[in-house]
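So the chains spell out like this:
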Amino acid sequence: FTVTNIVSNISDVSKGRISIYPNPFSEITSINTFDKTDVIHKISLYDIFGQKVNTRTKNTDNIITLKKENLQSGIYILIVETKTYSSTIKLIIN
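These remarks concern the structure in this document. Given the structure is predicted, the values throughout are model-derived calculations rather than measurements. Chains are numbered independently. Their residues run from 1 in the order of the written sequence. Under the rules for a predicted model, residues below a pLDDT of 70 receive no local features and side-chain atom pairs below 80 are neither given nor counted, while totals for whole chains, interfaces and linings still include all residues. Excluded from the side-chain calculations are hydrogens and water; all other atoms, namely the structure's heavy atoms, are used.

Observations concerning the overall build of the protein
A run of DSSP states H or I qualifies as a helix once it reaches four residues; a run of E qualifies as a strand once it reaches two. Both are numbered from the N-terminal end. Within the protein one finds two helices and seven strands. Its helices and strands in sequence order give the protein the pattern α-α-β-β-β-β-β-β-β, from N to C terminus. Looking at the 94 residues of the protein, the share that counts as buried comes to 36%. Only the protein chains shown count as cover for residues, and all accessible areas are computed by the Shrake-Rupley method using a 1.4 Å probe. Accessible area of the protein: about 5,700 Å², with a carbon and sulfur share of 52%. Only protein chains enter the accessibility calculation, which uses a 1.4 Å probe; a residue is then buried when its area is under 20% of its type maximum, exposed when over 50%, and partly exposed in between.

Below is the structure:
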């Protein structure tokens, strides 16, 4: 992934396609699509160095919860993939 993808796809959050709450978070956050038929198929979480630190696949719902667990505090890049689009979002863990 590249920085260009982050800038071009972050608008999905502002367009109301995806909600992440809370962001920043310290223990748990919820990632969901506002369209209930838009199932989240995969999420991938990358640290600021571009290393993949978490992936979830085969979800059958429009909402996923993400726990801090073994993740360090900092800034991460979250890629959310649905059947119709993918979005790249900055995620902050306290």
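Read on, since the account is not over.
Side note on the sheet that holds strand 7 (residues 86-93)
Taken together, the four strands give an open sheet; going across it, the order is 4-3-6-7, and neighbouring strands pair in antiparallel fashion. Edge positions in the open sheet fall to strand 4 (52-57) and strand 7, since each of these has one partner strand only. Across the sheet, the axes of successive neighbouring strands diverge by a mean angle of 20°, strand direction being ignored. As paired elements, strand 3 (residues 40-47) and strand 6 (residues 74-82) share seven bridges and run antiparallel to each other. In the strand pairing of strand 6, S44 is matched with I79. Pairs of strands are assigned from DSSP output, requiring at least two bridges between the strands. Between N-to-C directions, angles span 0 to 180 degrees; the directions come from axes that are lines fitted to C-alpha atoms, helices contributing only their stretch in contact.

Details of a nonpolar patch on the surface
Where nonpolar side chains cluster on the molecular surface, the patch consists of I48, F49 and I75 and spans about 370 Å² of accessible area. Mapping I48 onto the fold places it in the loop between strand 3 and strand 4. Overall, the relative accessible area of 60% leaves I48 in the exposed class. Two joining distances apply to patches: 9 Å for like charges and 5 Å for nonpolar side chains (Val, Leu, Ile, Met, Phe, Trp, Tyr), and every residue must have over 30% relative accessible area and no salt bridge. Throughout this description, the term salt bridge denotes a Lys or Arg side-chain nitrogen within 4 Å of a carboxyl oxygen of Asp or Glu.

Regarding unusual backbone geometry
With an omega of -10°, the peptide bond between Y21 and P22 qualifies as cis. The topology assignment puts P22 in the loop between strand 1 (18-21) and strand 2 (28-33). With an omega of 10°, the peptide bond running from N23 to P24 counts as cis. One can find P24 in the loop between strand 1 and strand 2.

Regarding the nonpolar core
Proteins that are soluble and globular tend to have nonpolar side chains buried together. Grouped together as the largest cluster of nonpolar side chains are 17 residues, with contacts concentrated most on I31, L78, V80 and L91. Contributions of two or more residues to this core are made by strand 1, strand 3, strand 5 (63-67), strand 6 and strand 7. By definition in these notes, contact holds between two residues if any of their heavy atoms fall within 4.5 Å. In this structure I31 touches I18, S19, I20, I40, I43, N62, I63, I64, L66, L78 and V80, once residues within four positions along its chain are discounted. Nonpolar core, defined: a set of buried Ala, Val, Leu, Ile, Met, Phe, Trp, Tyr and Cys residues in which side-chain atoms within 4.5 Å join the residues together.

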